[in-house]
Amino acid sequence: MKQYSKRMVVTHWLTLGLLVAAWFLGDSLSDARHDGNATLAGYLIHALAGGAILLLTLLRLFFRRKDGTPAPVGSGLMDKMATGIHHLLYTLLILLPVTGILTIVTSKVGSALMAGNAGLLPKKFTGVLAHDVHELLVNVLIAIVIVHVLGAVKHQFILKDGLMGRMSLRRKN
Ligand code: HEM
Ligand code: HEM
């Protein structure tokens with residue numbers, strides 16, 4: 001096996017798209033709350049995008065188990081690091097939605113959604129641990145994704161070993 005299976009490739013790139021959307025929606029939501037005009041729909045749409053990431057990640061881990069992964073390109077320390085980063089990315093893709101759900105459940109957002117009353121939405125998340133962790137994990141994820149992308153760029157333009165092709169839908173014979 002020299003490439004990831006097609007369904008692994010599709011879920012990888014779909015996750016990237018959903019992640020950009022969830023990040024943008026989460027940030028706009030936080031800005032709206034600070035300006036005093038957050039809406040229930042804003043929380044619901046962000047939760048849907050984040051929830052879709054969780055489902056897609058669980059599906060992807062199932063595909064990974066069934067289809068396997070191509071063998072590492074090398075066996076050095078850098079390859080061990082790349083594998084470690086992949087595992088960390090999967091962990092974050094699960095923990096982020098989980099802390100998001102916990103933010104809703106353990107804050108007034110939950111009761112506002114249940115009552116359908118935007119007036120109950122919190123102005124601040126003081127003492128809501130899940131929100132602090134959610135915010136922290138967003139920054140950790142961004143940092144790890146940057147390292148991951150820099151690794152891909154290095155393979156593409158410096159090592160020129162065709163690694164990007166392993167995550168492509170175009171099949172090599
Ligand atoms: C990988 C998925 C997710 C990403 C990348 C993400 C990203 C973000 C970002 C960037 C923020 C703004 C942080 C801040 O400065 O306060 C945020 C806030 C928030 N997220 Fe998520 N999120 C994800 C999943 C979820 C899920 C699944 C839920 C709920 C079901 C959720 C609920 C929330 C809530 C309630 C806030 C607080 C918004 C506010 O400050 O008013 N998130 N998220
Ligand atoms: C422009 C952005 C991205 C590029 C160019 C990229 C590129 C790649 C490439 C080439 C691989 C295959 C590595 C190999 O064959 O060993 C890969 C794997 C992987 N990528 Fe990305 N990626 C990007 C964004 C992301 C994002 C946003 C995430 C998730 C947060 C992510 C998570 C992963 C994971 C978990 C793997 C390992 C797959 C496995 O073995 O199960 N990638 N990526």
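You'll find the structure just up there.
Residues numbered from 1 in each chain as written. Chains lettered and ligands numbered in written order. Predicted model: local features only at pLDDT ≥ 70, side-chain atom pairs only at ≥ 80, totals over all residues. Heavy atoms only, no water.

**Q** Provide a residue-level description of the coordination of the iron atom of ligand 1, including the pertinent values.
**A** Every protein donor of the iron atom of ligand 1 is listed here as H46 (NE2) and H134 (NE2), and their distances to the metal cover 2.0 to 2.1 Å. For H46, a relative accessible area of 18% puts it in the buried group. (Donors = N, O, S within 2.8 Å, 3.2 Å for Na, K, Ca; no water. Buried < 20%, exposed > 50% of the residue type's maximum accessible area, 1.4 Å probe, protein only.)

**Q** Can you tell me about the pattern of salt bridges, naming the residues and giving the values?
**A** Under the defined criterion, the tally for this structure stands at 1 salt bridge. Between R7 and D67 there is a salt bridge whose closest N-O contact spans 2.8 Å. Of this pair, R7 sits in helix α1 (residues 6-34) while D67 sits in helix α2 (residues 40-67), and the two are 60 residues apart along the sequence. We classify R7 as partly exposed; its relative accessible area is 35%. Taking relative accessible area as the criterion, D67 reaches 22% and is therefore assigned partly exposed. (Salt bridge = Lys/Arg side-chain N within 4 Å of Asp/Glu carboxyl O. Helix = DSSP H or I, 4+ residues; strand = E, 2+ residues; numbered from the N terminus.)

**Q** Which residues make up the coordination of the iron atom of ligand 2, and what are the values?
**A** With distances of 2.0 to 2.1 Å, the protein atoms coordinating the iron atom of ligand 2 are H12 (NE2) and H148 (NE2). Coordination at the iron atom of ligand 2 is octahedral: its 6 donor atoms span angles of 88 to 179 degrees at the metal. Remark: H148 occurs in helix α5 (residues 129-159) and H12 occurs in helix α1; sequence separation between them is 136 residues. What makes H12 buried here is its relative accessible area of 15%. The class for H148 is partly exposed, based on a relative accessible area of 27%. (Tetrahedral: all angles 85-135°; square planar, octahedral: opposite > 155°, others 65-115°.)

**Q** Which residues make up helix α3 (residues 77-106), and what values go with them?
**A** Over its 30 residues, α3 runs 42 Å from end to end, which matches the ideal 44 Å to within 8%, given 1.5 Å per residue. Residues of α3 that are buried: D79, I85, L89, Y90, L92, L93, L96, P97, T99, G100 and T103. (Expected span 1.5 Å × (residues − 1).)

**Q** Could you give me a rundown of the packing of aromatic side chains, with the residues and numbers involved?
**A** By the definition in use, this model includes 1 aromatic pair. For the ring pair F62 and F63, a centre distance of 6.3 Å and an interplane angle of 55 degrees mean the geometry is tilted. (Phe/Tyr/Trp six-rings, centres within 6.5 Å; stacked < 30°, edge-to-face > 60°.)

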